[in-house]
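What the coordinates show
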Amino acid sequence: MSLDDFRITSGKQFKLAAFDAGSKPLSTGSKASDTAHLAELGGQLDAVQDIFYAEHKHKLLIVLQGMDTSGKDGTVRSVFRSFDPLGVRVASFKAPTPEELARDYLWRVHAQVPRKGEIAIFNRSHYEDVLITRVHGWIDDAECKRRFRQIREFEQMLVETGTTIVKCFLHISKAEQKQRLEERIADPQKHWKFDMQDLAERKFWKEYQQAYEDAIAATATPEAPWYIVPADSKSHRNLMVAEILRAIFDKLRPDYPPPKPELAKVVVE
């Protein structure tokens, strides 16, 4: 299987249930080998990111979405650990503040999109406004459809002004989420990760799966595709996201800015 098998560019016939959260299509079969491969990829990506930043031409937006415990934080730590922090920025979108609520829901998001030469990672994103809001009935179906259209148009505008968008749904199973929550409860050093609200949201598992399926189907386009990343395996999740990044850089083919001949005459005293 290839990355294209997990790349969604159209909502036609898309079903989230068709993807197995426990599969490891890119794995070598050994966790140690996968981890070593990720480290190798990290070095390659770091080198390309240096060129990407220096070129100051492209903008890259990476959206990480997924259920609680799907590994959004872990993906950022593992995949981007070797990147130059000068060219990478993480934006986390939590419950909106009163100031943000007083404006349109995309206002706070637009302020965080990447600049030229920058990689912006959204740890949760504007998609929260068609997920939790829908599951809990804070918006009706008509408003949700309007927001799907607005999101498509917002992302299209970003693409047309030079931003490459990659959206990753970190797909875990309900059983795996249960295990990860139990691990947080059992380990005192992980208590800081545990929030009782996670248990409350878990009761809406079926509703969230449907909301994600609808959101992905409604907003997947060739210009702003979704990737369904099987995430029951943390090492495979990280490896797949890294491979997606490599494919994106291979397509963008960044290059250092042209040399400046006039500098040949410059003498540093």
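Okay, so let's go over this structure. All of these numbers come straight from a predicted model, not from anything done at the bench.

Along helix H2 (residues 72-79), the residues classified as buried are Lys 72, Gly 74, Thr 75, Val 76 and Val 79. Lining the buried residues of H2 we find strand S2 (59-66), strand S3 (88-92), strand S4 (119-123), strand S5 (163-171) and helix H10 (234-252).

The contact between H2 and H10 brings their axes to 10 Å, and the two run at 60°. In terms of orientation, H2 and H10 fall into the oblique class. When the axes of H2 and H10 are compared, the crossing they make is right-handed. On H10, the residues that touch Gly 74, Thr 75, Ser 78 and Val 79 of H2 are Arg 237, Asn 238, Val 241, Ala 242 and Leu 245. Looking at side-chain class alone, the contact of H2 with H10 contains 4 nonpolar, 4 polar and 1 charged residues.

Packing of helix H1 (residues 31-55) against H10 brings their axes to within 9 Å, and their N-to-C directions diverge by 30°. Between H1 and H10, the angle is such that the two are roughly parallel. The crossing of H1 and H10 is left-handed. Each of Lys 31, Asp 34, His 37, Leu 38, Leu 41, Gln 44, Leu 45, Val 48 and Phe 52 in H1 lies in contact with H10, whose residues at this interface are Ser 235, Asn 238, Leu 239, Ala 242, Glu 243, Leu 245, Arg 246, Phe 249 and Leu 252. Broken down by class, the residue content of the contact of H1 with H10 amounts to 10 nonpolar, 4 polar and 4 charged.

In this section: empty space enclosed by the protein. Enumeration over the complete set of coordinates arrives at 1 cavity of 30 Å³ or more. The space that makes up the largest cavity amounts to roughly 40 Å³. Among the elements that take part in the lining of the largest cavity, helix H6 (residues 141-160) stands out by supplying 4 residues, more than any other. Of the residues assigned to the lining of the largest cavity, the class counts are 2 nonpolar, 3 polar and 3 charged.

Conventions used here
- Residues numbered from 1 in each chain as written.
- Predicted model: local features only at pLDDT ≥ 70, side-chain atom pairs only at ≥ 80, totals over all residues.
- Heavy atoms only, no water.
- Buried < 20%, exposed > 50% of the residue type's maximum accessible area, 1.4 Å probe, protein only.
- Helix = DSSP H or I, 4+ residues; strand = E, 2+ residues; numbered from the N terminus.
- Contact = heavy atoms within 4.5 Å.
- Axes fitted to C-alpha atoms, helices over the stretch in contact; angles between N-to-C directions.
- Parallel < 35°, antiparallel > 145°, perpendicular 65-115°, else oblique.
- Left-handed = near helix turned anticlockwise from the far one by under 90°.
- Nonpolar A, V, L, I, M, F, W, Y, C, P; charged D, E, K, R; others polar.
- 1 Å grid on protein atoms, 1.4 Å probe; cavity = no way out; pocket = protein on both sides within 12 Å on 5 of 7 lines; lining within 4 Å.
- Points joined across faces, edges and corners; volume = space filled by probe spheres on them.

The values are spatial; any link to function lies outside them.
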